[in-house]
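A closer look at the structure
Chain by chain, the residues run as shown.
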Amino acid sequence: MKKIFFPIFALLLLCWACKEEIDAYEGESGIYFSSQNIMLDTIFVPWGLQESEVTEQVYTLNVCLFGQVKPYDRKFSVRVSTDANDSLAAEEGVDFRALDEEYVMPANQAEASIKITLLRRPDLDKKARRFTVHLQENEELKFLYSREMSLDSTEWVGDVKVRRLDLQRTIYMDERFQVPNWWPICGNSYFGTYSSKKMILICDVMNISRTDFVAPFSVDNRITDGYLKFVGRYMHRWLQENPQTEEDGTPMEMGSASKI
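Note that the structure is predicted; figures quoted are calculated from it, not measured.

1. What to know about the overall build of the chain
- A count of helical and extended segments in the chain gives 5 helices and 11 strands.
- Contacts in the chain between residues at least 24 apart in sequence constitute 72% of all its contacts with a sequence separation of at least 6.
- When the accessible area of the chain is evaluated, it comes to approximately 16,000 Å², of which 52% is carbon and sulfur surface.

This is how it looks when you write it as structure tokens:
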């Protein structure tokens, strides 16, 4: 009998604990930008991976709820800012379309989204552009949570000057073309010195998907070592008839293995 006393006592204790109600958070509710996959508060949008004919794309910012969901919609607003002294300041209507004035945290939901239409200005390859989207608090949805950092601060919290990272998002756009995954294997030998301008030209001339071009070698992807060798030789001949220059003004050339 003594052998089964402790297991029965433990089971009764567990059942009693399960009946106890867990205190739920009943304070105010707040909003903040999702911090998933972002270190600070800047989002980099490389237009270089979009085909040349693509001139706009939609980017989604996710807004999270801090607190309890409610059985009704709750409105919040945002504002867009650019620094007049910033040489990279974006322009509404040129670099992005105007945002809606109000958004909604849906009933019984803990996340909302802000869709931003980004525009690709023709001279983005010469100068990057950026702008910042700020959340606006109100009586229903306040600023109750955010990661903070002291570097490049904008406000005081207690005795420390900090920047509250998740109450705004800076969108930084340029024409960067990321270095392909296969570049360390054969990039220099087939295509010479790397440059975004060269990679973009290759994709445009050869009608290659830019996202495919930067992906690793795969049986599902036509980008193989043999195909890259063909591309390099084709582009070498093409450049003989259609000379191009790099960003620094020097002649664009393919790698030594493509000139054989």
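Read on for the rest.
2. As for the packing of helix α3 (residues 196-206) against helix α5 (residues 225-241)
- Running from N to C, α3 and α5 point in directions that differ by 95 degrees, and their axes come no closer than 11 Å. The orientation of α3 with respect to α5, classified from their angle, is roughly perpendicular. Of the residues in α5, those in contact with L201, I202, V205 and M206 of α3 are F230, V231, Y234, M235, W238 and L239.
- Classifying every residue of the contact of α3 with α5 gives 10 nonpolar, no polar and no charged.

3. Considering unusual backbone geometry
- Of note, N108 is a non-glycine position whose phi angle comes to about 60 degrees, a positive value.
- Along the polypeptide, N108 turns up in the loop between β5 (102-105) and β6 (111-119).
- Despite not being glycine, N207 shows a phi value in the positive range, around 55 degrees.

4. Observations concerning the side chain of K198
- With respect to the element layout, K198 can be found in helix α3.
- Looking at K198, its side chain comes within polar contact range of the main-chain oxygen of E253, at 2.8 Å.
- Leaving out residues up to four positions away in the same chain, K198 has contacts with F191, G192, T193, E246, M252, E253 and M254.

5. Some remarks on the side chain of S195
- The topology assignment puts S195 in the loop between α2 (183-191) and α3.
- Here K198 takes part through its backbone nitrogen, which lies 3.0 Å from a polar atom of the side chain of S195.
- Not counting chain neighbours up to four residues away, the residues in contact with S195 comprise E246 and E247.

6. Here's the deal with the sheet that holds strand β3 (residues 56-66)
- Read from one edge of the open sheet, 3 strands run β1-β3-β6, paired in antiparallel fashion. Unpaired on one side and paired on the other, β1 (30-33) and β6 mark the two borders of the sheet. For this sheet, the mean angle separating the axes of adjacent strands, direction not counted, is 30 degrees.

7. What about the sheet that holds strand β4 (residues 74-81)?
- A sheet is described by the order of its strands in space; here 5 strands give the open sequence β2-β11-β7-β4-β5, paired in mixed fashion. One side of each edge strand has no neighbouring strand; the edge strands of this open sheet are β2 (42-46) and β5. Here the strands of the sheet are splayed against their neighbours by 30 degrees on average, with no regard to which way each runs.

8. What about the pattern of salt bridges?
- This structure, assessed with the given rule, holds 17 salt bridges.
- For E91, the salt bridge goes to R121, with nearest N and O atoms at 3.2 Å. With E91 in the loop between β4 and β5 and R121 in the loop between β6 and β7 (129-136), this pair connects stretches of sequence that are 30 residues apart.
- E91 sits in the partly exposed class, given a relative accessible area of 41%.
- Two residues, R120 and E175, come together in a salt bridge whose shortest N-O distance is 2.8 Å. Linking R120 in the loop between β6 and β7 with E175 in the loop between β11 (168-174) and α2, this pair joins segments that are 55 residues apart in sequence.
- Residues joined by salt bridges that share partners form a network here, namely E91, D95, R121 and D123.

Parameters at a glance
Residues numbered from 1 in each chain as written. Predicted model: local features only at pLDDT ≥ 70, side-chain atom pairs only at ≥ 80, totals over all residues. Heavy atoms only, no water. Helix = DSSP H or I, 4+ residues; strand = E, 2+ residues; numbered from the N terminus. Contact = heavy atoms within 4.5 Å. Areas by Shrake-Rupley, 256 points an atom, 1.4 Å probe, with all protein chains shown as cover. Axes fitted to C-alpha atoms, helices over the stretch in contact; angles between N-to-C directions. Parallel < 35°, antiparallel > 145°, perpendicular 65-115°, else oblique. Nonpolar A, V, L, I, M, F, W, Y, C, P; charged D, E, K, R; others polar. Polar contact = N/O pair within 3.5 Å; in protein donor to acceptor, adjacent residues only side chain to side chain. Pairing = 2+ DSSP bridges. Salt bridge = Lys/Arg side-chain N within 4 Å of Asp/Glu carboxyl O. Buried < 20%, exposed > 50% of the residue type's maximum accessible area, 1.4 Å probe, protein only.

Everything listed here is a matter of geometry and, on its own, says nothing about what the molecule does.
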